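# Coordinate analysis (summary)
Residues per chain, in single letters:
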Amino acid sequence: MDALSDILKATRWTASTYFSSAGEGPWCMQVLYRPQGVFHAVLKGRCYLRQSGNPEAIVLEEGDVISFPTGADHKISDTPQGLKLATENVIRLEGDDEVMVFKHGAVSFSQRELNEHASGATQWLSGTMSYDTSIHHPLLKELPCLIHVGEEDKEARQLMQSVISVLVSESRADTPGSTLAIDRMTEVLFLQLLRCYVQQLTQPAGYFAALSDPHIGVVLNLVHSEDDGTLTVESLCSAAAMSRTKFNARFTQLVGETPKAYLTNTRLLRAKTMLQHSQKSIRGIAEAAGYSSDSSFSKAVKKHFGMTPGELRAAVQ
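What you are looking at is a predicted structure, and each value in this text was computed from that prediction instead of being measured. (Residues numbered from 1 in each chain as written. Predicted model: local features only at pLDDT ≥ 70, side-chain atom pairs only at ≥ 80, totals over all residues. Heavy atoms only, no water.)

## Considering the sheet that holds strand 10 (residues 107-110)
- Taken together, 6 strands build an open sheet; the order of strands is 10-1-11-3-6-12 and the sheet is antiparallel. Taken across any chain shown, the strands that pair with only one partner, and hence form the sheet edges, are strand 10 and strand 12 (147-149). Sheet twist, expressed as the mean angle between neighbouring strand axes with direction ignored, is 15°.
- As paired strands, strand 6 (residues 65-68) and strand 12 are joined by 3 bridges and run antiparallel to one another. Bridging across to strand 12, Ile-66 finds its partner in His-148.
- In the packing of helix 3 (residues 154-173) onto the sheet, the strands contacted are strand 1 (14-22), strand 3 (37-44), strand 6, strand 11 (122-130) and strand 12, and the crossing angle to strand 1 comes to about 80°.
- In the packing of helix 4 (residues 178-200) onto the sheet, contacts are made with strand 1, strand 3, strand 6, strand 11 and strand 12, and the angle to strand 1 comes to roughly 95°. (Pairing = 2+ DSSP bridges. Helix = DSSP H or I, 4+ residues; strand = E, 2+ residues; numbered from the N terminus. Axes fitted to C-alpha atoms, helices over the stretch in contact; angles between N-to-C directions. Contact = heavy atoms within 4.5 Å.)

Take a look at the structure:
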């Protein structure tokens, strides 16, 4: 498994999609801050978005996608002047109590259905991304505050429109399995947003640069594919085709921690996932993480997560 896929799996990324439409203005919708991500894709018309604390409004044209991977308090309106409207009426979002939406004017919000014949001048879909914020990982620390895919990002925009068209079709079809299909396609859409962000970087740095680095990227994929706990720093140096000194320096510069620490943390994070979401024995999980005894594994897990393996497993039962 490649590094990015394994990280998203280990941090328990999930997503949900909601559909919105608004008639002729004036109208305004405000999404309050949530600790995880949110994004919007304009299906029809044009609207304006302003993030709290930023005086500049962003114009969103049909086909644009914008995301706040770490959450943000923001408003969406039909005009720049509409962003100043007071939002008073609460829209209740079924199935996601963390999302607080307020509105002014003719704004409708639905978890699943977008009427094919809706007469709204503007239509868009909104998505929420949820992940385990208790996990400390370099990728989560370096998530951008904002990703905007506009007309200038032609290739990425085209790929996203393919995903969005499936989302809309599934929402209208209401066939068996459509709810699961919508959520999975929303996760794919967010993955495309992350890829676009990496491509937009003129001078990649940090963990996102590490993923695409010809030497460190190979090592990260190797670490996240391990299933027997046999990797060593020496074997990682060999895979990177670098001397130990240069490898340690380059890895630490990009990833933010030493190769040994990253290897240990990745194994323990994978062990936590297995403890909580599999029936595999604690001893088997310990061996897969490279620990020769249950006691050494238990001490490492307790130090890293503040709970014993047994307590981690019981926490989700």
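Past the structure itself, the notes keep going.
## Overview of the layout of surface pockets
- What the largest pocket holds in volume is close to 250 Å³.
- The leading source of residues in the lining of the largest pocket is helix 9 (residues 259-277), at 5 residues.
- Considered class by class, the residues forming the lining of the largest pocket number 5 nonpolar, 6 polar and 3 charged. (1 Å grid on protein atoms, 1.4 Å probe; cavity = no way out; pocket = protein on both sides within 12 Å on 5 of 7 lines; lining within 4 Å. Points joined across faces, edges and corners; volume = space filled by probe spheres on them. Nonpolar A, V, L, I, M, F, W, Y, C, P; charged D, E, K, R; others polar.)

## Observations regarding the packing of helix 6 (residues 216-225) against helix 7 (residues 233-240)
- Where helix 6 contacts helix 7, the axes come no closer than 8 Å and their chain directions differ by 135°. What the angle tells us is that helix 6 and helix 7 run oblique. For the pair helix 6 and helix 7, the sense of crossing is right-handed. Contact residues: helix 6 offers Val-218, Val-219, Leu-222 and Val-223, while helix 7 offers Leu-236, Ala-239 and Ala-240.
- The class makeup of the residues in the contact of helix 6 with helix 7 is 7 nonpolar, no polar and no charged. (Parallel < 35°, antiparallel > 145°, perpendicular 65-115°, else oblique. Left-handed = near helix turned anticlockwise from the far one by under 90°.)

## Some words on the environment of Pro-35
- Secondary-structure assignment places Pro-35 in the loop between strand 2 (28-31) and strand 3.
- You can call Pro-35 partly exposed: its relative accessible area is 41%.
- Separated by 269 residues in the primary sequence, Pro-35 and His-304 place their C-alpha atoms 23 Å from one another.
- Ignoring anything within four residues of it in the chain, the contact list for Pro-35 reads Thr-70, Tyr-131 and Thr-133. (Buried < 20%, exposed > 50% of the residue type's maximum accessible area, 1.4 Å probe, protein only.)

## Regarding unusual backbone geometry
- For Arg-12, which is not a glycine, the phi torsion comes out positive at approximately 60°.
- Take Arg-12: it is sitting in the loop between helix 1 (3-10) and strand 1.
- Despite not being glycine, Ala-241 shows a phi value in the positive range, around 55°.
- Tracing the backbone shows Ala-241 in the loop between helix 7 and helix 8 (244-255).

## Comments concerning helix 4
- An ideal rise of 1.5 Å per residue puts 33 Å on 23 residues; helix 4 measures up with 32 Å between its terminal C-alpha atoms.
- Among the residues of helix 4, Ser-178, Ile-182, Asp-183, Thr-186, Leu-189, Phe-190, Gln-192, Leu-193, Leu-194, Cys-196 and Tyr-197 are the ones counted as buried. (Expected span 1.5 Å × (residues − 1).)

## Here's the deal with the side chain of Arg-270
- Along the chain, Arg-270 turns up in helix 9.
- Overall, Arg-270 belongs to the buried group, its relative accessible area being 17%.
- Aside from chain neighbours lying at most four places away, what touches Arg-270 is Asp-6, Val-223, His-224, Ser-225 and Glu-226.

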